[in-house]
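Descriptive structure summary
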Amino acid sequence: MDTGTHIVMGVALAGLSMADPVVISNPATMTAVITGVVVGSLIPDIDTVLKLRNNAIYIRHHRGITHSIPAVLIWPILISILLSFMIPGAHLFHVWAWTFLAVFLHVFVDIFNAYGTQALRPFSHRWIAIGVINTFDPVIFGLHILAIVIWMFGANPVPTMITTYIIIFFYYLLRFAIKSAVKRAVYNTIPNAEAVFIAPTMRFFQWRVAASTGDYHYVGRAYGRSVNIYDRFERKPMPTTPEIEAAMEDKNIEAFTSFSPIYRWNVSYIGDICEVRLIDLRYRSKGYYPFVAVAHIDSELNILNSYTGWIFSEDKLNKKLNFVPNS
């Protein structure tokens, strides 16, 4: 989920913690618990700082180790110990228990969007991405805001938050049912599909669709049970030329292929420079595919420059690559 949703989830958990007699009877514990659940709701996304290094590292590691089983166990301990020094008199076990719940819920809800997490590390490095909830879901965010406002106007936070999460639980079930219907519609539209990617959007009934058969890649949108195919690309095996082999060993290209399950490739030449471009087919926006990986290789098979990330124009891509065509 996005940062805003994780914040309001932390506030909602703070309200739910008022069900704990130790929390409501001890001001120090209450302060520590409220702080702990808000921090715990955000701390797994501390790996966002990897963007400061480069996109390749961020793409390969975001929602990785910081969302793993050891991290879910360690974050609450570290936060609780720190809060015990900052807020003397707080009941450490209760601070830890509520903070653990906040960290766990952060990782748990992240598996339901299309990006997913490596939540089973170190036992498995497989990405778990159920793909029924958009990274920002206005319904989930709005329900949290409504519950917090009701609490602010004097309502008991415990039944308010419990009611909110019961509603959200049934909302998730509804999203599963809709995705299942969309998946059936995709297979009805493309009966010989070998791989199907379905991801939600901010619009309730609209889903992104990418599918592959033995011969073609298909990209479209589903509106309820109606599937519209916008693009079809011939599916060709990638050549095994020395230039492509060199490109596939580049860190940006490797990051892209570890993240993207459905993509097409393009090889072109700009003078003596070979450009290898991989294009993620899951993220079509206004006829453009903005998530790419590009590497430039010279005649001696050296990587001159490379990039992976979101690009919405060739000019911006060339600036990222520090590349001037035809120069």
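Residues numbered from 1 in each chain as written. Predicted model: local features only at pLDDT ≥ 70, side-chain atom pairs only at ≥ 80, totals over all residues. Heavy atoms only, no water.

Within the chain, the secondary structure is distributed over eleven helices and eight strands. Scored against the burial criterion, the 327 residues of the chain give a buried share of 49%. Only carbon and sulfur atoms are counted for the fraction: they give 63% of the accessible area of the chain, which is about 16,300 Å². One way to put it: in the chain the 26 positive side-chain charges average out to a point 10 Å from where the 22 negative ones average out. (Helix = DSSP H or I, 4+ residues; strand = E, 2+ residues; numbered from the N terminus. Buried < 20%, exposed > 50% of the residue type's maximum accessible area, 1.4 Å probe, protein only. Areas by Shrake-Rupley, 256 points an atom, 1.4 Å probe, with all protein chains shown as cover. Lys, Arg positive; Asp, Glu negative; His and termini not counted. Charge placed at Lys NZ, Arg CZ, Asp CG, Glu CD.)

The complete set of buried residues in helix α11 (residues 314–321) reads Leu317, Asn318 and Leu321. All buried residues of α11 project into a common sector of 100 degrees when viewed along the axis, lining one side. Seen from the buried face of α11, the exposed residues on the opposite side, beyond 90 degrees, are Asp315, Lys316, Lys319 and Lys320. Buried residues in α11 make contact with β6 (273–280), β7 (291–297) and β8 (303–310). Downstream of α11 by one or two residues, Asn322 has phi in the positive range, about 55 degrees. (Arc of directions from axis to C-beta. Contact = heavy atoms within 4.5 Å.)

This part covers the packing of helix α1 (residues 3–16) against helix α6 (residues 92–110). At their nearest, the axes of α1 and α6 sit 11 Å apart, and the two run at 140 degrees to each other. In this structure, α1 meets α6 at a crossing whose hand is right-handed. From α1, His6, Met9, Leu13 and Leu16 reach across to α6, where they touch Trp98, Leu101, Ala102, Leu105, His106, Val109 and Asp110. Its residues placed into classes, the contact of α1 with α6 shows eight nonpolar, two polar and one charged. (Axes fitted to C-alpha atoms, helices over the stretch in contact; angles between N-to-C directions. Left-handed = near helix turned anticlockwise from the far one by under 90°. Nonpolar A, V, L, I, M, F, W, Y, C, P; charged D, E, K, R; others polar.)

The next subject is the packing of aromatic side chains. This model, assessed by the stated rule, comprises 19 aromatic pairs. Consider the rings of Phe291 and Trp310, whose centres lie 4.9 Å apart with planes at 55 degrees: the pair is tilted. Taken together, the residues span a long stretch of sequence, with Phe291 in strand β7 and Trp310 in strand β8 at a distance of 19 residues. Residue classification places Phe291 among the buried residues on the basis of a relative accessible area of 2%. Take Trp310: its relative accessible area is 44%, and that puts it in the partly exposed class. Through a chain of ring-to-ring contacts, three or more aromatic side chains come together here, namely Phe93, Trp96, Phe100, Phe104, Phe108, Phe112, Tyr172 and Phe176. Looking at Arg232, its charged tip hangs above the ring of Tyr216, at a distance of 4.0 Å from the centre. Arg282 extends its terminal NZ or CZ atom over the ring of Phe259, reaching a point 4.8 Å from the ring centre. (Phe/Tyr/Trp six-rings, centres within 6.5 Å; stacked < 30°, edge-to-face > 60°. Lys NZ or Arg CZ within 6 Å of the ring centre and 35° of its normal.)

This part takes up a nonpolar patch on the surface. A cluster of nonpolar side chains, Ile77, Ile81, Leu82, Phe85, Met86, Phe93 and Trp96, forms an exposed patch at the surface whose accessible area comes to about 750 Å². Elements represented by at least two residues in the nonpolar patch include exactly α5 (69–86) and α6. In terms of residues, the nonpolar patch owes the most to one element, α5, which gives five residues. Positionally, Ile77 belongs in helix α5. (Patch = residues over 30% accessible without salt bridge, like charges linked within 9 Å, V, L, I, M, F, W, Y side chains within 5 Å. Salt bridge = Lys/Arg side-chain N within 4 Å of Asp/Glu carboxyl O.)

So, on to the packing of helix α3 (residues 27–42) against α6. Running from N to C, α3 and α6 cross one another at 20 degrees; their axes reach a closest spacing of 8 Å. The angle between α3 and α6 places the two elements in the roughly parallel class. As for how α3 packs across α6, the hand of that crossing is right-handed. Seen from α3, the contacting residues are Thr29, Ala32, Val33, Gly36, Val37, Gly40, Ser41 and Leu42; seen from α6, they are His94, Val95, Trp98, Thr99, Ala102, Val103 and His106. Looking at the contact of α3 with α6 residue by residue, the classes come out as eight nonpolar, seven polar and no charged. (Parallel < 35°, antiparallel > 145°, perpendicular 65-115°, else oblique.)

Here Met1 shows up in the segment before α1. On the accessibility criterion, Met1 (3% relative accessible area) is buried. Note: C-alpha distance between Met1 and Gly116 (115 residues apart in sequence) is 9.4 Å. Not counting chain neighbours up to four residues away, the residues in contact with Met1 comprise His6, Asp45, Arg63, Val109, Asp110, Asn113, Ile133, Asn134, Thr135, Asp137 and Ile140.

A word on the sheet that holds strand β2 (residues 206–212). Strand order in this open sheet of four strands is β1-β2-β3-β4, and the pairing throughout is antiparallel. Every interior strand has two partners, whereas the edge strands, β1 (195–200) and β4 (226–234), have only one. Neighbour-to-neighbour, the strand axes of the sheet open up by a mean angle of 15 degrees, direction not taken into account. Bridge count between β2 and strand β3 (residues 216–223): seven bridges; the pairing is antiparallel. For Gln206, the partnering residue across the bridge sits in β3 and is Tyr223. Taken strand by strand, helix α8 (residues 157–189) contacts β1, β2, β3 and β4, and its axis lies near 140 degrees from that of β1. (Pairing = 2+ DSSP bridges.)

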